[in-house]
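Residues per chain are reported as follows:
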Amino acid sequence: MKTTRWHSCNVLRVGRDTRQLWHFAAGNGEVTLSAEQRLAPPGPLPVKLVTKDWRALWQKKLNIAWLPAEQVFLRVVHLPKCEPAELRSMVELQLEKLSPLPVTQIVWSFEVVPQASGELQTVIVIIAERSIVEEFLGNLETDGYLADRLDLPFLHQLLATPFGGDSAWIYLHPAEAKSLCLVAWWYGGTLQQVNLLNLPAGEKGATTLGDQLTTIAWGGELEGWLTSPPQWHLVADNAAAAVWEPALSQWAGEPVKRVAPLAPADLAALSAQRAARAESTASLLPEEFTARYQQQFVDRLWMGGLFALAILYVAGVLIYFGALQILKIKTAKVQDQVAGLSSAYNSARQLKDRVKLLQEQVNLKYAALDCLRVVSEMLPLELTLNQFVVSFQSGKLTLSGRAPSDQRAQITKFNDDLKQARVNDEKLFDAVDPAGSQTAPGASSTTWSFTCNLKASDIE
């Protein structure tokens, strides 16, 4: 059988006036006490210690509650040895005979008692009224404690006691109004019977215990397992032993051996350790409560996860809108800066345009002068210049004039010279159109004209 690796374990004891909680760290089947608290009812228990959250998925937490033993019935049965999986069915077949209440009205469990030999195995059957268990669990739920196990601490004390020979062990739990007493009878190396008795407090309880022990002993003789007087052991603290031990010794006619009981913290550690090691199967927690608690845990994880997602979503939306607002503020600042710079930019553009215009005017002036100088220098003496027009929009220089009819060669030479004209080692014209000339019939002179294309750099 696969066992659960527990990370921590809580053990809760509920009394009339106080609640005691032990918190243990668990590991490798061992437990270590890490916290102990006494709490006065009513009120919730420490949430951090007892509540299971999402960390319980890998850090397993075990919640144990001690059921008060006043309303619990104990029975001892001896059954043939069988597989552990079959034992529960065998016990269930005996319930009609063992239970003092109708089977439909009880909660039951069992604990196997270790024994060295024999063909039979000893089983302690624990029976409790269902309504009492449900009321007890309802009170625990009100306090915020969802139990994984309902244990009977007397049972752990009984199984932890080393026994020997034919003996009777009396486990005493005194109180103000009444005392609870567990009597275990060991004979032949086997637990023969267990009795859970509610007795009056003080000396009257000791007398009543003697009468009930006598009745149980007679029944044991009739059943055949009480074959000789037992050795008497009283498990009680000093205060209770001072009242009960003399009366029991007088009734038994021999000294009663007293054994110190386990301290409550040690008993809680034993309960937690046996549960962590899966040594104890006796839990009175109904299966429907286990299923409901598990479902509540799963639902709580889902709701917690959804709530966390909702928080993350809201946080993301807030961050988004916050970032958007910051970007809007930055955008507004940039727009203000742009608005502040645009006037300066426009002024700079206007200034640049004015400078460009002035530069063009200067260039035009010098280009016109260059053209005039070059034309005046290269114009042959035989030619007469009648028109000198510079169109800076079209980038053309138009020249026209007159020449004697026999000097047409000078027109061509003047046209060719302008093609090669240079200013500052650069050609003045990109292209010079061929010269055109026209002579009227019977005239002694010829009119000529042609255009020159100025270089682009000259008109920029």
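Here the structure is a predicted model, which is why all the values come from computation and not from measurement.

Cut-offs and rules
- Residues numbered from 1 in each chain as written.
- Predicted model: local features only at pLDDT ≥ 70, side-chain atom pairs only at ≥ 80, totals over all residues.
- Heavy atoms only, no water.
- Disulfide = S-S within 2.5 Å.
- Buried < 20%, exposed > 50% of the residue type's maximum accessible area, 1.4 Å probe, protein only.
- Axes fitted to C-alpha atoms, helices over the stretch in contact; angles between N-to-C directions.
- Helix = DSSP H or I, 4+ residues; strand = E, 2+ residues; numbered from the N terminus.
- Left-handed = near helix turned anticlockwise from the far one by under 90°.
- Contact = heavy atoms within 4.5 Å.
- Nonpolar A, V, L, I, M, F, W, Y, C, P; charged D, E, K, R; others polar.
- Polar contact = N/O pair within 3.5 Å; in protein donor to acceptor, adjacent residues only side chain to side chain.
- Pairing = 2+ DSSP bridges.
- Salt bridge = Lys/Arg side-chain N within 4 Å of Asp/Glu carboxyl O.
- Core = buried A, V, L, I, M, F, W, Y, C linked by side-chain atoms within 4.5 Å.
- Patch = residues over 30% accessible without salt bridge, like charges linked within 9 Å, V, L, I, M, F, W, Y side chains within 5 Å.
- Areas by Shrake-Rupley, 256 points an atom, 1.4 Å probe, with all protein chains shown as cover.
- Expected span 1.5 Å × (residues − 1).
- Arc of directions from axis to C-beta.

Should the sulfur atoms of two cysteines be covalently bonded, the bond is a disulfide. According to the stated counting rule, one finds zero disulfides in the structure shown. With no disulfide partner, Cys371 has as its closest neighbouring cysteine sulfur the one in Cys452, 7.7 Å distant. On the basis of relative accessible area, Cys371 is assigned to the buried category, the value being 1%.

With their axes 9 Å apart at the nearest point, helix H5 (residues 202-223) and helix H6 (residues 238-252) run at an angle of 35° to one another. H6 is crossed by H5, and the crossing has right-handed handedness. From H5, Gly202, Glu203, Gly205, Ala206, Leu209, Gly210, Leu213 and Thr214 reach across to H6, where they touch Val243, Trp244, Ala247, Leu248 and Trp251. Taken together, the residues of the contact of H5 with H6 sort by class into eight nonpolar, four polar and one charged.

Here Thr161 is to be found in the loop between helix H4 (153-160) and strand S9 (167-173). Looking at Thr161, its side chain comes within polar contact range of the side chain of Tyr171, at 3.0 Å. Contact partners of Thr161, with chain neighbours within four places excluded, come to Trp169 and Tyr171.

Attention shifts here to the sheet that holds strand S12 (residues 231-235). Think of a sheet as strands paired side by side through backbone hydrogen bonds, with each pair either parallel or antiparallel. Ordered in space as S11-S10-S9-S12-S13, the five strands form an open sheet in which the pairing is mixed. Looking at the sheet topology across the chains shown, the edges are occupied by strand S11 (190-200) and strand S13 (257-259). For this sheet, the mean angle separating the axes of adjacent strands, direction not counted, is 20°. By the bridge criterion, seven bridges tie S9 to strand S10 (residues 178-187) in an arrangement that is antiparallel.

So, on to the side chain of Arg149. As for its placement among the helices and strands, Arg149 is situated in strand S8 (residues 149-151). One polar contact links the side chain of Arg149 to the main-chain carbonyl oxygen of Ala282, over a distance of 3.1 Å. When residues no more than four places from it in sequence are discounted, the contact partners of Arg149 are Leu62, Asn63, Ile64, Ala65, Ala275, Ser280, Ala282, Ser283 and Leu285.

Enumeration according to the criterion identifies 14 salt bridges in this entry. Here Glu30 ties to Arg277 by a salt bridge, and the two come within 2.4 Å at their closest N and O atoms. One end of the pair, Glu30, is in strand S3 (residues 30-39); the other, Arg277, is in the loop between helix H7 (264-276) and helix H8 (287-378), with 247 residues separating them in the sequence. Residue Arg373 is joined to Glu377 by a salt bridge in which the shortest nitrogen-to-oxygen separation is 3.4 Å. With Arg373 and Glu377 both in helix H8 and four residues apart, the pair spans about one turn of that helix.

Before going further, it helps to spend a moment on unusual backbone geometry. For Ala278, which is not a glycine, the phi torsion comes out positive at approximately 60°. On the basis of relative accessibility, which here comes to 31%, the residue Ala278 falls in the partly exposed class. One non-glycine residue, Asn424, lies in the positive phi region at around 55°. Inspection of the secondary structure assignment puts Asn424 in the loop between strand S16 (422-423) and strand S17 (426-427).

Grouped together as the largest cluster of nonpolar side chains are 43 residues, with contacts concentrated most on Leu74, Ile124, Tyr145, Leu158 and Leu191. Residues in contact with Leu191, not counting those within four places in the same chain, are Val76, His78, Val113, Thr122, Ile124, Leu158, Ala184, Trp185 and Trp186. If you look at the next biggest cluster of nonpolar residues, it comprises 24 residues, including Ala168, Leu199, Ala206 and Ile216.

Within the secondary structure, Lys427 is located in strand S17. Lys427 sits 415 residues away from Leu12 along the chain, and the two C-alpha atoms are 111 Å apart. Excluding anything up to four places from it in sequence, Lys427 contacts Lys419, Gln420, Ala421, Arg422 and Lys455.

Attention now moves to a nonpolar patch on the surface. Where nonpolar side chains cluster on the molecular surface, the patch consists of Trp302, Met303, Leu306, Leu309 and Leu312 and spans about 610 Å² of accessible area. Inspection of the secondary structure assignment puts Met303 in helix H8. Judged by its relative accessible area of 55%, Met303 is exposed.

This paragraph deals with H5. End to end, H5 covers 32 Å across 22 residues, agreeing with the expected 32 Å (1.5 Å per residue, within 8%). All buried positions along H5 are accounted for by Gly205, Ala206, Leu209, Gly210, Leu213, Ile216, Ala217 and Gly220. Looking straight down H5, one finds that the buried residues subtend no more than 145° of arc, so they occupy a single side. In H5, the exposed positions that point more than 90 degrees away from the buried face belong to Lys204, Thr215, Trp218 and Leu222.

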